[in-house]
Amino acid sequence: MFSPTVVPALSLPVTELDRLLNDFQEALDLAGTGCAAEGFLRLSHGRDRAMQLAELGFIWAEELSMRYEGAVEAFQRRYAVRVIRN
């Protein structure tokens, strides 16, 4: 017998979810024009911002940070963007 899985409601504020989706779309658009590095930076800045919000105590920011991290990783896999540190 099939038992449906209950998924908890999204705990992110709508404005933050919109920002994440917009950042991801912008990153894809930039990559599509040959500017994958700029797209990667866009997502990285979003991730960094989410981490700062988590440090400030916003209870939903950890989830936002994880979602940005997933977007960054997916983008890196798709466009082979690498971080070079000096």
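On a predicted model such as this, the values are computed, not experimentally measured, just so you know. Within every chain, residues take consecutive numbers counted from 1 along the sequence as written. Only residues with pLDDT of at least 70 are given local features in this predicted model, and only at 80 or more are side-chain atom pairs given and counted; all residues enter the totals for whole chains, interfaces and linings. Hydrogen atoms and water are omitted, and side-chain values are computed over all heavy atoms in the structure.

**Notes on the nonpolar core**
Piece 1. Residues Ala 27, Ala 31, Ala 36, Phe 40, Leu 43, Ala 71, Val 72, Phe 75 and Val 81 constitute the largest nonpolar core, which totals nine residues.
Piece 2. Runs of E in the DSSP output that reach at least two residues are strands. Runs of H or I that reach at least four are helices, and both are numbered from the N terminus. Elements supplying a minimum of two residues to this core: helix H1 (14-32), helix H2 (36-55) and helix H3 (61-79).
Piece 3. In what follows, residue pairs with any heavy atoms lying within 4.5 Å of each other are defined as contacts. With near-sequence residues (within four places) excluded, Ala 31 lies in contact with Ala 36, Phe 75 and Tyr 79.
Piece 4. As used in this record, nonpolar core signifies buried Ala, Val, Leu, Ile, Met, Phe, Trp, Tyr and Cys residues forming a set joined through side-chain atoms within 4.5 Å. Each residue's exposure class comes from its accessible area (1.4 Å probe, protein chains only) as a fraction of the maximum for that residue type: buried when under 20%, exposed when over 50%, partly exposed otherwise. Core analysis: the next-biggest nonpolar cluster, separate from the first, contains eight residues, Leu 12, Leu 20, Leu 53 and Trp 60 among them.

**A short note on the packing of aromatic side chains**
Piece 1. Two rings from Phe, Tyr or Trp (for Trp, the six-membered ring) form a pair when their centres sit within 6.5 Å of each other. Planes less than 30 degrees apart are called stacked, planes more than 60 degrees apart edge-to-face, and all others tilted. Summed over all chains, the structure comprises two aromatic pairs.
Piece 2. Ring geometry for Phe 58 against Trp 60: centres 5.3 Å apart, planes inclined by 50°, an arrangement best described as tilted.
Piece 3. Classification of Trp 60 by relative accessible area gives buried; the value is 17%.
Piece 4. For the ring pair Phe 75 and Tyr 79, a centre distance of 4.8 Å and an interplane angle of 40° mean the geometry is tilted. Here Tyr 79 and Phe 75 lie together in helix H3, a separation of four residues that amounts to about one turn.
Piece 5. The exposure class assigned to Phe 75 is buried, which follows from its relative accessible area of 1%.
Piece 6. The class for Tyr 79 is partly exposed, based on a relative accessible area of 27%.

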